[in-house]
Structure formats: C-alpha cells, structure tokens
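Architecture at a glance
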Amino acid sequence: MHPLWFDQLVARGPLATWTATNVIVGALYVACGLAVAKFFAIYGLFPTPIWLPASIALGAAMLGGVRVAPGIFIGSFIDNYALFDPPFHMAAMISFGNALGPVAGALLMACFARAKDPFGTLRDLLAFLGFGVATHAAITATVGTLALYLAVDLPLGKVGQTWSLWWVSDAGGTLYFAPALLLWLMAAPRRGQRGDVIEGVVVSLITLFATLTVFTEGPWQHFVRMEMPFILTLPLSWLTLRFSLRSAYTLFTAVVAIATAGTVAGGGPFNMAGLDRPLTALSVLLVLLSSNMLLIATLLSEQRKAVQASRAKSAFLATMSHKLRTPLNAIMGFADAIKSGLFGPPGHPKYAEYAGHIRDSGQHLLSLINDLLDLPRIEAGRSELSLTAVDLHRAAEETIATMEGLATAGGAVIQVDGRTGTAVAKGDARAVRHILLNLLSNAVKFSPSGGRVTVATAGGAESVGLTVRDEGAGMSEDELKTALEPFGRIKNSESLRQNGTGLGLPIAMALAEAMGGELTITSRKGRGTAVTVTLPPFRSVLGV
C-alpha cells in the first residue's frame, strides 16, 4: 500500500528515507501523545479515553511497513516514561505492543486487500476496519493489559475492564483521524459528483458552526437535545457524495475534535442528558459518522466502477463482432480457395501462402479468445500461480526472441538493459512472460518505424522490476485511464488501426497484483510511454 511518491523517495536513498521516516514518526507520536494526555488530564481523565497517536502509528505502518516499527516504539516509550514514570520493562512491553499492533494490522490488511486505496472497495474497507482498527487495537490492548498485570499486580477482576477501555481508546483514536491522514498521504480523493466549491465551503462552515453551538455552553443549551449530534451525518454524507471522502473526513476530524473538547469540558447534549459516561456516547457518534462516510464512499466507488465496466463491455461487444469476423472470414476464405483448387492441383505456391494466412488468422483469433477468458479468471483470483525465482532479465531476453517477427514487421528495434542475476523476483514464470508479451506487443505496435523499444531490469532491497519504454505517440492522462480499464480502447487514429481487445494492460496489471506486485505507467503525448512492473525480490523470501 505504499504510495508512489514514497517508493520514489526510498529508491533515491533507502537508508536516509527510512531514518527520516522513523524520526518523524517518533516525534509525531511523542508530540501527539503528550498533547492529548495533557488536555484530558486538565479535566481529570487519566489515562486518556481516546489515544490519538494510534492514528499516527497505523498511518506510518501502512506507509512504511515493518521498518517504521522503531519509530513507533521509541515514540511510545518516551510517552510512557513522560506520562506514567513506569518501570523500564513495563514501558518497553507496552511500547512493544503499541508498535506490534499497527504493524500487524497493516500487514494483515496488505494480505487481504486487493488495492492500494484502503477505501476503494468494500473488501478493502472491511480489511481496514477489521485489521487496521479492531485487530490493531486488540493487540495493543492485550500486550498493554498483560504488562500492567505483570508489573503492578493488576487484580484479575479488573483485567477485562482494563482491556476493554484500552481497546476502545486505541480503536477510537485510530478512527479519529487515521482515514483522513491516509487519504491525504496515500490515495487520490474518492470523488463523488461534481460539486461547486462555494457549496462545499458553505456546508462545511454551517456544519462547524452547528457543532460549536451544540457542544459548547451558552444560553442556547436548553434547546439542545441528545439526538441532535447524530444529524451531523447529513452534511458529512452530502460532502462525501458531492465532493470526496477526503474532504468529508477532514471536516469530520474537525467536528469530532470540537465535540470531544466540548464534552470533556462538561458541555454538549451527552452531559445534559445525565449519562454516566458521556464520552461513550460520543464514541458511538464517532463510529456512526465514520462508518457512514466510509461506506458511502466505498459503495459509490464500486457503483462507478460497475457503470464504467458496463459501458466498456457494451462498447466492446459493439466492436468485437467485427474483430472476430475478420480473422474468421480470412480463415474460411483461404480454406475455401484451397479446397476448391482455385489455382489447380496442390503444389501451387499460392496454397502455401494461403496456409500461412490461415495460421496467422487463427493465431490472432486465439489471442482474442484467450484475452477474453484470461481476465475474468485472473480478477476472480482463480489463476494458478507458482511463485518461484524468476530472473526478469532472462525472461525479457526470451520473450524478445519470440517477438522478432512482429518487431521486424513494425520496423521497431528492441533492446534490453540490465544484467542476468541482478533482478530476481518472486513470481510465476508464465505470468511474467505473459506480462512481457502484452507490454512488448503494445510497445512495438505503437512505435513508429525505426523506433526503439527498451526493456530495462533492475533490482533493489524492497522490490525488483522491469520497465518497457517506447517512443510512440504517448497518452494523455484521460487516455491512460481508458487504457487501464478492461476493454478500454483509446479513440485515436493510431490505436484504431491496431487489432486487439483492449485487455492487454488490464491483464498485465491483474497478473502483477496477483504476484504481490504492481504496474505503473508514465506517458506523455508525443514522448512515448513507459510501463513499470515491480515485484517482490526472491531473496526476501529466503530471508537474506
């Protein structure tokens, strides 16, 4: 789930990037922990009912993985010493749990989720809530409660209560602003409908004013009822639908911060209702508002994808009849010519030529049918992959050897940069060749006569990869989005002249993701296109 900008920083300076990341994570954890604890301590709440550093810990773990664990551990350790003055072993054990929880949650999410965006599909959202929030908090609560039990002889009768309060504190702290943090750092906004900027500003200001009115003391308080805060779901849902989840969740974080401060200070409807635990009611409000926004954004995203897929399939079916008839007509026409003895008895050179045309048309038809059958199987996770060591440089050389005929016909020159043994990936050899064939076929077909196609392979500590670069016409941002959609066909003169289903790039991307990697594309109009596939290094599996 690493964002592209972070991978680029790691590629430029791995050690410097990881060092800086851990320092920043530790500093943010300490600052947030001390500020939150000091605020709640003013009102006699200790330990804190909502532990906001949990958001920073999960965000850091999803960004950097296991390697940010030292930063989380050190930040937690400093906070523990500053706030509790505990024995060394107790502080170390609690801090270990505070680092283990978010890292384990992030790793489980990465195994279960299918996309980089944790809120892109219902499956990814459930992974975030189940692993990033619930499992993360359960681990920190379990280790922390065990540390208290061992260090200060916590009575058995209070173990369950301590664990539940710890879990609620960390789970609530994660939901508080971790999604907003992730949406700003990791993913593009999950856009809703097109809304006017003034409309969004007005709705946000009214929402903030209403929150201040409801949760702060004043002469209007006797008009406030306990159910009023739940009406906030309306403007937040409106922003999610009309703008993006990012903007809605950013406003939500501000709203909940105001509501928390007002409730802790003794204001707001939950205190007026005489509840024994007004912060518990506030937590229910937090979960309701947060879950509602996340579900709306996820379902809206899935609906949009379904509509786009339906449109793409309709367009595909409208053109596929022609594409399938072309090779079939050629096969039948040449076969009839041979069968009828158009040029006399067997032995005439034209028969051999026609047999070659039949074979080429049959291969074209077979490739169309294979693409149609491959994509649904790969997307459904039913492709059979055998993950072993795959030398990407050698695979590129072998694939290029099979592409010589196509490259010669198109007037393109293919070359390989890199060395054997320097980019060994954990992948499926057949899938890697399939990816290369699709990428090279596109690069050759869209390259000008005499154009150069380059396949570069490289290895790194975190990933190995290959890049196929051409000197073709390139694509705009909108054309690139179309090319990555199943059955997507770019509407320009060059692409319309080429045969194909529009499934090459989607299949390559699906195969890369099925092997634990990713496919990224950079393209500029008139400058060509570069497609990069990154996969896990095989040596990481061996632990060396």
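So, the pattern of salt bridges
- A full pass over the atoms with the stated rule returns 2 salt bridges.
- Of the charged contacts, one joins R242 and E199 as a salt bridge, the two residues approaching to 2.9 Å between their closest N and O atoms. In this pair, R242 is assigned in helix 9 (residues 233-242) and E199 in helix 8 (residues 197-215), connecting sequence segments 43 residues apart.
- A salt bridge links K525 to E479, with the nearest nitrogen and oxygen atoms 3.1 Å apart. With K525 in the loop between strand 6 (518-524) and strand 7 (528-535) and E479 in helix 17 (residues 477-483), the pair connects residues that are 46 residues apart, well separated along the chain.
- Exposure remark for E479: the relative accessible area of 15% places this residue in the buried category.

Examining the sheet that holds strand 5 (residues 464-469)
- If you walk across this open sheet you meet the 5 strands as 2-4-5-7-6, and the pairing is mixed. Each end of this open sheet is capped by a strand with a single partner; those strands are strand 2 (413-417) and strand 6. Recorded for the sheet is a direction-independent mean angle of 15° between the axes of neighbouring strands.
- The pairing of strand 4 (residues 452-459) with strand 5 spans 6 bridges and is classified as antiparallel. Bridge pairing links A456 to T467 in strand 5.

Concerning helix 7 (residues 159-185)
- The end-to-end C-alpha distance of helix 7, which contains 27 residues, comes to 37 Å, matching closely the 39 Å that a straight helix rising 1.5 Å per residue would cover.
- Where helix 7 bends most, at F177, the angle is about 40°, and the proline P179 comes one to four residues later.

Digging into the environment of T233
- Along the chain, T233 turns up in helix 9.
- Along the chain, T233 and L285 lie 52 residues apart, while their C-alpha atoms are 9.3 Å from each other.
- Those residues within four positions of T233 in sequence are excluded, and the remaining contacts are L289 and N292.

As for the packing of aromatic side chains
- Applying the stated criterion across every chain yields a total of 11 aromatic pairs.
- One aromatic cluster is present, formed by F73, F77, Y81 and F88 through successive ring pairs.
- The residue whose ring lies beneath R123 is F112, and the NZ or CZ to ring-centre distance is 4.3 Å.

Definitions and limits used
- Residues numbered from 1 in each chain as written.
- Predicted model: local features only at pLDDT ≥ 70, side-chain atom pairs only at ≥ 80, totals over all residues.
- Heavy atoms only, no water.
- Salt bridge = Lys/Arg side-chain N within 4 Å of Asp/Glu carboxyl O.
- Helix = DSSP H or I, 4+ residues; strand = E, 2+ residues; numbered from the N terminus.
- Buried < 20%, exposed > 50% of the residue type's maximum accessible area, 1.4 Å probe, protein only.
- Pairing = 2+ DSSP bridges.
- Axes fitted to C-alpha atoms, helices over the stretch in contact; angles between N-to-C directions.
- Expected span 1.5 Å × (residues − 1).
- Bend = angle between axes of the 7 residues up to and from the residue.
- Contact = heavy atoms within 4.5 Å.
- Phe/Tyr/Trp six-rings, centres within 6.5 Å; stacked < 30°, edge-to-face > 60°.
- Lys NZ or Arg CZ within 6 Å of the ring centre and 35° of its normal.

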